[in-house]
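Each chain, letter by letter, is given below.
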Amino acid sequence: MESYLETTIDVYKQAAEKPDVGLCCTTTPVWALPGLTMPKIMLEMNYGCGSTVNPRDLVNDPTILYVGIGGGMELLQFSYFSRKKGGVIGVDIVDEMLTACKENMKEAEASNEWFKPDFIDIRKGNALSLPVEDESIDIAAQNCLFNIFKAEDLKLALEEMYRVLKPRGRLVMSDPTCEQEMSDELRNDERLRALCLTGSIPLKDYIKMITDVGFGTVEVRAKRAYRVLSPNHYPTDDLIFIESVEVCAIKDPMPADGPCVFTGKTAIYYGNEDCFDDHKGHILLTNQPLAVCDKTAGALEALGRDDIYISDSTWFYDGGGCC
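Residues numbered from 1 in each chain as written. Predicted model: local features only at pLDDT ≥ 70, side-chain atom pairs only at ≥ 80, totals over all residues. Heavy atoms only, no water.

Participant: Sorry, what's going on with the nonpolar core here?
Facilitator: In globular proteins that are soluble, nonpolar side chains generally tend to be buried together. With 89 residues, the main nonpolar core has Tyr12, Leu65, Phe146, Phe149, Leu171 and Ile210 as its most contacted residues. Here this core gets seven residues from one element, more than from any other, and that element is strand β7 (residues 240-250). Other than its neighbours up to four places away in sequence, Ile210 contacts Leu158, Met173, Phe215, Val218, Val247 and Ala249. Counting ten residues, the second largest nonpolar core, distinct from the first, contains Tyr269, Leu290, Ile308 and Ile310. (Core = buried A, V, L, I, M, F, W, Y, C linked by side-chain atoms within 4.5 Å. Buried < 20%, exposed > 50% of the residue type's maximum accessible area, 1.4 Å probe, protein only. Helix = DSSP H or I, 4+ residues; strand = E, 2+ residues; numbered from the N terminus. Contact = heavy atoms within 4.5 Å.)

Structural data, given as structure tokens:
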């Protein structure tokens with residue numbers, strides 16, 4: 001095992017033994033759902049940078065995999081939607097985190113009448129070699145873990161998620177991203193990488209790694225401010241701004257002309273006809289906005305028409321659209 005991964009295990013061993021409220025910092029609200037009571041200890045051990053729980057993903061009695069379980073908060077949220085034995089599989093490499101999570105589930109059982117411990121199957125395992133069968137998972141998720149991996153390990157982790165997902169299954173992720181250059185000193189600081197700060201890569205590179213694995217559709221669902229690395233606290237000459245992104249990658253067949261990546265662009269036709277049809281499967285009704293993937297947005301812009309408006313990326317996409 002590479003030393004930076006050993007450092008990461010040590011960081012989260014300590015975070016399991018003594019909850020560290022400031023370890024991660026998410027502005028995403030915790031889901032407030034009828035009948036769901038979240039134990040305080042789970043909130044204190046919420047070591048993520050966003051959320052991977054979205055009710056529109058969690059339909060038709062899904063089997064869910066969550067990698068990097070933390071204190072169990074998202075495992076409990078997922079089990080709210082999948083109330084069956086072994087409906088949620090949680091995988092973690094850190095023994096102390098596995099123990100802490102199991103203890104936290106006892107508190108969850110005491111405060112939630114609907115919850116049964118056997119809803120969740122907690123397994124020891126590595127994100128780079130998941131203890132999960134091929135094509136057995138409907139929803140796979142990770143929160144603020146994959147950004148820690150260096151490029152070759154990130155590729156392996158994504159390939160593993162792709163392997164275990166059923167066709168049309170969804171990989172839901174939240175990770176920090178950064179558009180600015182970072183020094184080698186920052187990149188090679190194993191503790192800062194483990195703290196989800198200096199493994200951040202540009203969003204376009206993050207998306208490319210996802211689609212290179214084979215995911216045919218990618219949705220950028222949210223993008224938020226996360227942290228700054230300032231020269232008075234870190235070895236950097238410039239202030240570095242880090243954002244957190246929430247992304248869903250769908251195991252769709254790869255289109256012949258490349259993946260569909262939704263970043264929140266919209267097309268609006270305002271011509272004199274009832275609609276505009278590009279004869280490629282996209283029909284724009286007059287003055288009715290249609291969410292379009294970046295590929296379709298580019299094709300429509302290339303037509304050079306003066307009656308179609310294409311918005312910039314909002315970095316928020318919530319379903320529907322052209323594909």
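Participant: Sorry, what's going on with the environment of Ala151 here?
Facilitator: Among the structural elements, Ala151 can be located in helix α5 (residues 151-164). For Ala151, a relative accessible area of 51% gives the class exposed. With 141 residues separating them along the chain, Ala151 and Asp10 place their C-alpha atoms 21 Å apart.

Participant: When you look at the pattern of salt bridges in this model, what are you seeing that I'm missing?
Facilitator: Any two side chains of opposite charge can pair, on the condition that their charged atoms come close. Counting across every chain of the model gives 22 salt bridges. A salt bridge links Asp134 to Arg163, with the nearest nitrogen and oxygen atoms 2.6 Å apart. Here Arg163 lies in helix α5 and Asp134 lies in the loop between β3 (120-124) and β4 (137-143), a separation of 29 residues in the sequence. Among the residues examined, Asp134 registers a relative accessible area of 53% and is labelled exposed. A salt bridge links Asp257 to Lys295; the nearest nitrogen and oxygen atoms lie 2.9 Å apart. With Asp257 in the loop between β7 and β8 (260-262) and Lys295 in helix α9 (residues 294-302), this residue pair connects regions lying 38 residues apart in the sequence. On the accessibility criterion, Lys295 (25% relative accessible area) is partly exposed. Members of the salt-bridge network, linked through shared partners, are Arg56, Asp57, Arg170, Glu219, Arg221 and Asp318. (Salt bridge = Lys/Arg side-chain N within 4 Å of Asp/Glu carboxyl O.)

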